[in-house]
Structure formats: structure tokens, C-alpha cells
Amino acid sequence: MYDVLVIGGGPAGYVAAIKASQLGLKTACVEKEVNDSGKAVYGGTCLNVGCIPSKSLLDSSHRYHDAKKHLEVHGIDIPNLNLNLKKMMDRKNKIVSQLTGGITGLLTTNKVTPIEGMAKIIEPTKVLITNAKGEEEIVETKNVIIATGSSPIEIPSAKFDNKLIVDSTGALEFEEVPEKLGVIGGGVIGLELGSVWSRLGSEVTVIEAMDDFLFMADKDISRDSLKEFKKQGLNIELGSMLTASKVTKKGVEVTFLKNDEDVSESFDKLIVAVGRKPNSEGIFDESLEINIDQKGFIEVDEFCQTGVSNIWAIGDVVRGPMLAHKGSEEGVMVAERIAGKFAEMNYALVPSVIYTHPEIAWVGKNESELKEEGIDYKTGKFPFAASGRALAVDQATGFVKVISDKKTDTILGVHVFGPSAAEIVQQALISMEFGASSEDLGLTIFSHPTVSEALHEAALSVNNQAIHIGNKK
Ligand code: FAD
Ligand code: NAI
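Overview of the site of ligand 1
Taken together, 37 residues sit near ligand 1, with E31, T45, K55, D316 and A324 positioned nearest. Side-chain polar atom of K55 to an oxygen atom of ligand 1: 2.7 Å apart, as the coordinates give it. Broken down by secondary-structure element, the contributors of at least two residues to the shell around ligand 1 are β2 (27-31), α2 (44-49), α3 (51-70), β4 (118-123) and α8 (324-338). A total of 4 residues in the shell around ligand 1 trace back to one element, the largest contributor, which is α2.

Describing the sheet that holds strand β8 (residues 165-166)
The parallel open sheet is built from 5 strands, whose spatial order is β8-β15-β9-β10-β11. Across the chains shown, the open sheet's two edge strands, defined by having one partner strand only, are β8 and β11 (235-237).

Overview of the packing of α3 against helix α4 (residues 85-109)
Running from amino to carboxyl end, α3 crosses α4 at an angle of 145°, the nearest separation of the two axes being 9 Å. α3 and α4 meet at a crossing whose hand is right-handed. Residues I52, P53, S56, L57, D59, S60 and S61 of α3 form the contact with α4, whose participating residues are M88, M89, R91, K92, I95, V96 and L99. Its residues assigned to classes, the contact of α3 with α4 comprises 8 nonpolar, 3 polar and 3 charged.

Some thoughts on unusual backbone geometry
Between H357 and the following residue, P358, the backbone shows a cis peptide bond with an omega angle of 0°. Mapped onto the elements, P358 comes out in the loop between β18 (352-354) and β19 (359-364). That bond from H448 to P449 is cis: its omega, -5°, falls within 30 degrees of zero. Along the chain, P449 turns up in the loop between α12 (438-442) and α13 (453-462). Of note in this structure, N162 is not a glycine but carries a positive phi near 60°. Structurally, the position occupied by N162 is in the loop between β7 (150-152) and β8. At N464, a residue that is not glycine, the phi angle is positive and equals roughly 60°. Tracing the backbone through its elements, the reader meets N464 in the segment after α13.

Quick notes on the pairing of β19
For β18 and β19, the ladder comprises 3 bridges, and the chain directions are antiparallel. Residue pairing for β19: I354 is matched across the bridge by I360. Counted between consecutive antiparallel strands, the loop separating β18 from β19 contains 4 residues. Pairing between β19 and strand β22 (residues 411-418): 6 bridges, direction antiparallel. Residue pairing for β22: I360 is matched across the bridge by F417.

Re the site of ligand 2
Surrounding ligand 2, one finds 23 residues, the nearest of these being E192, E208, G275, M322 and V353. In the environment of ligand 2, an oxygen atom lies 2.9 Å from a nitrogen or oxygen atom belonging to the backbone of G275. Backbone polar atom of V353 to a nitrogen atom of ligand 2: 2.8 Å apart, as the coordinates give it. Here ligand 2 loses 79% of its free accessible area of 850 Å² to cover by the protein chains. Formed jointly, the shell around ligand 2 draws a minimum of three residues from each of two domains, domain 1 (2-152 + 277-348) and domain 2 (165-274).

Overview of helix α11 (residues 421-433)
At 3.6 residues per turn, the α-helix brings residues three or four places apart onto the same side. The terminal C-alpha atoms of α11 lie 18 Å apart, and with 13 residues this matches the ideal 18 Å at 1.5 Å per residue to within 8%. The complete set of buried residues in α11 reads A421, A422, I424, V425, A428, L429, S431 and M432. For α11, the elements touching its buried residues are β18, β19, β22, α12 and α13. Of the residues trailing α11, G435 is marked for its positive phi of about 70°.

Here's the deal with the nonpolar core
Core analysis: the largest hydrophobic core is formed by 34 residues, its most contacted members being W197, F213, F229, I236, I271 and I360. Within the residue set of this core, elements represented by two or more residues are α3, α4, β9 (180-184), α6 (188-199), β10 (203-207), α7 (219-231) and β19. Top element by residues in this core is α6. It accounts for 4 residues. In this view, F229 contacts L191, F213, L234, I236, T356, H357, P358, I360 and F417; residues no more than four positions away in its chain are not counted. Counting residues in hydrophobic clusters, the runner-up holds 32 residues, among them A20, I314, M333 and V334.

Quick word on the packing of aromatic side chains
Evaluated as defined, the whole model comprises 3 aromatic pairs. Aromatic side chains F174 and W197 sit 5.1 Å apart centroid to centroid with 45° between the ring planes, which places their arrangement in the tilted category. Taken together, the residues F174 in the loop between α5 (168-171) and β9 and W197 in helix α6 connect sequence positions 23 residues apart. Look at W197 and you get buried, because its relative accessible area is 0%. Between the aromatic rings of F229 and F417, the centroid separation amounts to 6.3 Å while the plane-to-plane angle is 80°, which identifies the pairing as edge-to-face. Of this pair, F229 sits in helix α7 while F417 sits in strand β22; the two residues are 188 residues apart in sequence, bridging distant segments of the chain. Exposure remark for F417: the relative accessible area of 1% places this residue in the buried category. Chaining the aromatic ring pairs together yields one cluster made of F213, F229 and F417. A cation sits over an aromatic face here: K26 above Y2, 5.0 Å from the ring centre.

Reading the values: rules and limits
- Residues numbered from 1 in each chain as written.
- Chains lettered and ligands numbered in written order.
- Predicted model: local features only at pLDDT ≥ 70, side-chain atom pairs only at ≥ 80, totals over all residues.
- Heavy atoms only, no water.
- Near = heavy atom within 4 Å.
- Polar contact = N/O pair within 3.5 Å; in protein donor to acceptor, adjacent residues only side chain to side chain.
- Helix = DSSP H or I, 4+ residues; strand = E, 2+ residues; numbered from the N terminus.
- Pairing = 2+ DSSP bridges.
- Axes fitted to C-alpha atoms, helices over the stretch in contact; angles between N-to-C directions.
- Left-handed = near helix turned anticlockwise from the far one by under 90°.
- Contact = heavy atoms within 4.5 Å.
- Nonpolar A, V, L, I, M, F, W, Y, C, P; charged D, E, K, R; others polar.
- Areas by Shrake-Rupley, 256 points an atom, 1.4 Å probe, with all protein chains shown as cover.
- Domains from an automatic or database assignment.
- Expected span 1.5 Å × (residues − 1).
- Buried < 20%, exposed > 50% of the residue type's maximum accessible area, 1.4 Å probe, protein only.
- Core = buried A, V, L, I, M, F, W, Y, C linked by side-chain atoms within 4.5 Å.
- Phe/Tyr/Trp six-rings, centres within 6.5 Å; stacked < 30°, edge-to-face > 60°.
- Lys NZ or Arg CZ within 6 Å of the ring centre and 35° of its normal.

Structure (C-alpha cells):
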């Protein structure tokens, strides 16, 4: 009998398993994905087909694009620059195997029992596991943590054929750079993978249903980043709903509705990235009192507990942003609660990053959300064009915006479009965890010259005390 059985070895599940074992609980982690030798492959979407391979290609494609287009200004000429896509893909695949192998090692070091197979909870303390050969085993456990993740959404107007019409996984594996690439969905995946292939030479068209670009981001970021991505060559069609697609000998023909008119386009490949759906089907017996909401998420309370007290669910399969770090933190919280400790998650401070170039990142609330909630606030903004370091590194596009409470000056949100946006937001987030005000950030010494100084200046600007830009009054 285990104390904890974790279903799913992604960043939510494997972290929960390691933490539970570290806390002295007898733990196993079941994973259905296996390699050629039948051993479980841990790491989930994030390590195998998500965060890591996409960031590897984003970095490689950025270097190629920089070498091709942006080094001349530094006085560096590279004649005969060539792309070796196979080598770029091999590098990505090597990083993935290194990291997934590393997780297997971590589970072993932490005394977590690995189990290969597809798991289904049949009773609160009994889990049926079916391995790749179809052999079944029932494992008993005091607690179960469901961490089964999510999968790409398929739409009827563009069904995946995994050759010409692909999901994000297929888009990480093209063997040639498509001449014309269509991307359905201008969300996080559409922009990141659209950028990868655009940098490598594809003519990319992003077809996005909403009229607003990046509707979940701060409005200034949506406006400025749309302008920048268009300048970079991404053709972004907003307010465009895909109505049909047809695979032909030459490629894919698509039709979308824009301003009440049918528009047709042909592409060599089509990536469909219109969101992901939770993997909640067939994970537990229907007799168990666990609810699934309309979108397929397993219903849990703020501590990730389901309707059955010893069954928990974490990561992409439950409400909240589908982000690796959110799932991992939930994993830690649940393991600690099972071990009888007090633990909670601060859902208000989960950071978001879009790894385009320049990067987009934010934490906390944006202006639209605060207006909707009727909260009075003040803002400070600093453009990277006024940052010495950003100019020196040739990355002076974008800005940092700090939003604080009008009365108390407590920081409510930080939004960055520009160099090292993710790292700058992380610094702000740490201060927010400690309840910092913009004045506190303004009183903090930042190294010079760093791009982070833009955060300092934006914080000073909230109270009209910026040094390197004009103040509001
Ligand atoms: P998953 O990682 O999906 O893992 C679930 C695991 O459970 C899988 O290994 C699956 O095989 C296994 N499983 C499912 N059902 C069963 C079963 N019945 N029995 C046994 N095993 C089962 N997030 C970020 O934070 N940063 C990023 O930069 C980022 N980039 C991304 C890029 C792409 C292209 C994609 C697709 C996603 C990206 N994400 C990113 C999102 C991130 O990958 C997910 O939020 C994260 O992987 C969710 O973790 P999880 O553990 O909940 O689920
Ligand atoms: P998304 O929710 O970010 O974007 C999907 C987009 O598709 C939306 O803008 C939506 O309006 C649009 N859309 C939906 N249906 C459409 C249709 N029929 N035609 C045209 N457009 C349509 O989802 P995405 O990009 O698939 O990513 C899934 C998840 O993966 C995200 O929620 C994100 O959390 C995670 N992810 C995170 C990354 C990061 O943290 N950097 C990177 C990649 C993915």
C-alpha cells in the first residue's frame, strides 16, 4: 500500500511525487508514455513536446535570424550563412532526452517508485494500471494525485492529419522550413511557434478569431507587440474565424470569415493552436464523487482536493492557467497537505511569459481588470528606449509598466514587453510576495547598466519621481 500514488509524470505530477517522498511518504508515479524499451518517459508535455523543445527552437531560430539580419549593425558581416535544420532539431531532441532522463534519475534518487502504464481510479484507494502490453494490475494507495495534464484542442474545420495540418507537437518537428505557413490561433503557442518558423524563413499568417490581439495581456502590450510582430513579418489576421480547410496535393487550402467576407489562403503547412483541453476522461470510475466542469476540468477546491477527500488533482487538468510552474507549485502544496502540513498557493501571483522576441511577461492585474473590479490605481511606465543597457544591447523596443494601489501604493501588477521581460517580472513578483509598494522598489538599488533599471524607473515613475524620463506633473 502506497501513501501517495501520482497519476501522470509531467511537471505537476513528478514534482508532487518527489515532494511527497521527501516528506517521508511512500510514493509511486504512474506514467503512460513509454520509450522503446518499455520504460516510462517522465516530463509530460512540458519537457517532451512543450516548454523545453519550443524554447530550444526559439533560441536557435533567434540566433539564426540575428546572424542574418541584426549583426550587420554591430559591424559583423557573415557571408554564406546557412541553416542546418536537422542539426537544430537534433540539438532540441538531445536537450529533451537529457532532461527527461534527468527526471527519471531524480525520481529514483528520491525513492519514488516508477510505474509504467495507463491508470484509472476504480475505488478511492484502488488504482487499475494497464501497461503497454495490456497487462493489468491493481495498486492500493491511501491518497491519489491526478496530474494527467492536457492535450491540443482539435477543431472540426481543421482536423489534424499530422502531416500538413499539425498541432504544436507536429510544429516542433518539421523536416523542412515551409514556404507558406498558416497558424490558427494567435495565442501563446501561435506566437511562439509562428515566430520560430518565420525567423527560419517561412511566410507566416496567423489567423485569430478574436478582434483583440492578446486579449489577456495589458492593453499597451497588446497594441505595441502587435505592431512589433507585424514589423517582424508576421501577418496577423484578427477577427478571423476559420470556417474550412482542405488538404490538397500541394498543401492546405483554408477559408476564414473576416468582416463578414470569406477569405481563402493556401499554405504548405497549417499549425492549429486554439487552446488545450484537460485530460480528464476515463481517469476515474464514474461512481466516484468527483465532478468535471463544462470545459472538462476536474473540480477542486483551493487546495486541489476533489469531492473525494483522499483524491487530489493538480496542473493542467484543473482550473487556472495551463502553466508548468503553476502545476508544480500545486504539486508541492498537495504533497505537504497530505503530509499534514499547512500549505497554500498564492494564485494571485502566478507569472505569465510569452517567449517571443521581445519577450512579453506579466504578474498580477492589468489596468482593464482593475477597472472592471473598481479598484483605484496609479501607473508608472518606462520605455526601454531610455535605457542605456537596452540601447547598448540593441533591444530598446518596449517598456515596463508598474501598477500600484492609488491609496496604499502596494504593487498590484507589473507588465513588461522587452528584453529579459520574464526575469524582470520575476524580480517584481518576489517584491510583491512581500507586499512591496512601488516606493519600496524605487528605494531599491539596481545595478547599472542593466535592463532591470527600467523596473526601478517605472516604479519611481508611479509617484512621479523618475530620473531618466519626464514625470507626469
Ligand atoms: P502534462 O505535462 O501534460 O503531463 C501529464 C502527464 O500525464 C503526461 O506525461 C501523460 O502522458 C500522463 N498521463 C495522462 N493520463 C494518464 C493516465 N491515465 N495514466 C498515466 N499517465 C497519464 N508552460 C510554461 O509554464 N512555460 C512554457 O514555456 C510553456 N511552453 C509550452 C509550449 C508548448 C508547445 C506547449 C504545448 C505547452 C507549453 N507550456 C508551457 C504548458 C506546459 O507544458 C503545461 O502547463 C504543463 O506541461 C502541465 O503540466 P502537467 O503535469 O499538469 O501535465
Ligand atoms: P491560447 O489559449 O493561448 O490561444 C488560443 C488562441 O486561439 C486564442 O487567442 C483564441 O482566441 C484562438 N482561437 C480559438 N479558436 C479559434 C478558431 N477556431 N479560429 C481562430 N482562432 C481561434 O492557446 P494555445 O496557444 O493553444 O496554448 C495552450 C496553452 O499552453 C496556453 O493556455 C498556455 O498556457 C500554454 N502555453 C504556455 C506557454 C508559455 O508559458 N510561454 C507557451 C505555449 C503554451
